[in-house]
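Descriptive structure summary
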Amino acid sequence: GEAMTAETIDALLAKGRAARAASRQVARLSAQVKNRALLNIAEALETGQSVVLAANQRDHQAAQSAGMDEAMLDRLLLTPERLKGMALDMRNVTALPDPVGETIDMTTLPNGLLVGKRRVPLGVVGSIYESRPNVTIDIAILCLKSGNACLLRGGKESIHSNTALVRLVREAISEAGVPPAAVQF
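Residues numbered from 1 in each chain as written. Predicted model: local features only at pLDDT ≥ 70, side-chain atom pairs only at ≥ 80, totals over all residues. Heavy atoms only, no water.

**A few points about the pattern of salt bridges**
Under the definition given, this model contains nine salt bridges. The salt bridge partner of aspartate 105 is lysine 117, with a shortest N-O separation of 3.3 Å. Separated by 12 residues along the polypeptide, aspartate 105 in strand β1 (residues 103-108) and lysine 117 in strand β2 (residues 114-118) bring together distant segments of the chain. Note that arginine 132 is salt-bridged to glutamate 130, the shortest N-O span being 3.9 Å. Arginine 132 gets classed as partly exposed once you look at its relative accessible area, which sits at 30%. (Salt bridge = Lys/Arg side-chain N within 4 Å of Asp/Glu carboxyl O. Helix = DSSP H or I, 4+ residues; strand = E, 2+ residues; numbered from the N terminus. Buried < 20%, exposed > 50% of the residue type's maximum accessible area, 1.4 Å probe, protein only.)

Listed below in structure tokens is the structure:
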């Protein structure tokens, strides 16, 4: 009823406030710290995959029982190979230059004034997406790399997978000195 709705809204607002507070810290992190956090996530995906795969199996079986079509079931499924691919993607993102602080489109006005654009973090990026647990990781790493916090809302069919993935991400980034509140689910 209504009390549940108010409780849900309060919880969402609390997550948003926590992400906002964390975003101020994430925006000032060095490229080295952010890259260490991403590498920690990649390692955790490989070494801690049993928990993630077990959670994903729960989601997959429930979706199968509910009659989800084969294409959607395949998108929902995580395997050791897919987790390894996600870890590889993360290492590739780590190798990219840090976008924060980069100056682009620099021009000189007739009066000699230099005008350009500097890339800065947005703050908190909110994302609502379907039942693809890999997207949880994709959004989290892209947000962290670009100095942003994120508020993630995946499809209900992948709730166990996403919960396990976010827990893994938060532990991995915390070990690198990134506030875990930067990734909210």
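Okay, back to it.
**Describing the layout of surface pockets**
Size it by volume and the largest pocket reaches roughly 320 Å³. If you go around the largest pocket, you meet 14 residues; those closest to its centre are Thr8, Leu12, Lys15, Arg153 and Phe185. Contributions of two or more residues to the lining of the largest pocket are made by α1 (2-26) and β4 (149-153). For the lining of the largest pocket, the leading source of residues is α1, giving six residues. Counted by class, the lining of the largest pocket contains seven nonpolar, three polar and four charged residues. Approximately 200 Å³ is the volume attributed to the second largest pocket. Broken down by secondary-structure element, the contributors of at least two residues to the lining of the second largest pocket are α2 (31-47), α3 (49-65) and α7 (159-175). In terms of residues, the lining of the second largest pocket owes the most to one element, α7, which gives six residues. (1 Å grid on protein atoms, 1.4 Å probe; cavity = no way out; pocket = protein on both sides within 12 Å on 5 of 7 lines; lining within 4 Å. Points joined across faces, edges and corners; volume = space filled by probe spheres on them. Nonpolar A, V, L, I, M, F, W, Y, C, P; charged D, E, K, R; others polar.)

**So, the sheet that holds β4**
Neighbouring strands of a sheet are bound in pairs by backbone hydrogen bonds; such pairs are parallel or else antiparallel. With respect to topology, three strands assemble into an open sheet ordered β3-β4-β5, the strand pairing being parallel. Bordering the open sheet on either side are β3 (124-128) and β5 (183-184), each of which pairs with just one other strand. Here β3 runs beside β4; their pairing, made up of five bridges, is parallel. The partner of valine 124 across the bridge, within β4, is alanine 149. Against the sheet, helix α6 (residues 133-145) makes contact with β3, β4 and β5, and its axis sits at roughly 165 degrees relative to β4, the strand it touches most. (Pairing = 2+ DSSP bridges. Contact = heavy atoms within 4.5 Å. Axes fitted to C-alpha atoms, helices over the stretch in contact; angles between N-to-C directions.)

**Quick notes on the packing of α2 against helix α5 (residues 80-95)**
At a minimum axis separation of 8 Å, α2 and α5 run at an interaxial angle of 170 degrees. Between α2 and α5, the interaxial angle falls into the category roughly antiparallel. For the pair formed by α2 and α5, the contact residues are Asn35, Leu38, Leu39, Ile41, Ala42, Glu43, Leu45 and Glu46 on the first element and Leu83, Lys84, Met86, Ala87, Met90, Arg91, Val93 and Thr94 on the second. (Parallel < 35°, antiparallel > 145°, perpendicular 65-115°, else oblique.)

**Examining the nonpolar core**
Judged by nonpolar contacts, the single largest core of 42 residues is most densely connected at Ile41, Leu45, Ile137 and Val183. Elements with a contribution of two residues or more to this core: α1, α2, α3, α5, α6, β4 and α7. Beyond its immediate sequence surroundings of up to four residues, leucine 45 is in contact with Leu83, Met86, Ala87, Met90, Ile137, Leu165 and Leu168. (Core = buried A, V, L, I, M, F, W, Y, C linked by side-chain atoms within 4.5 Å.)

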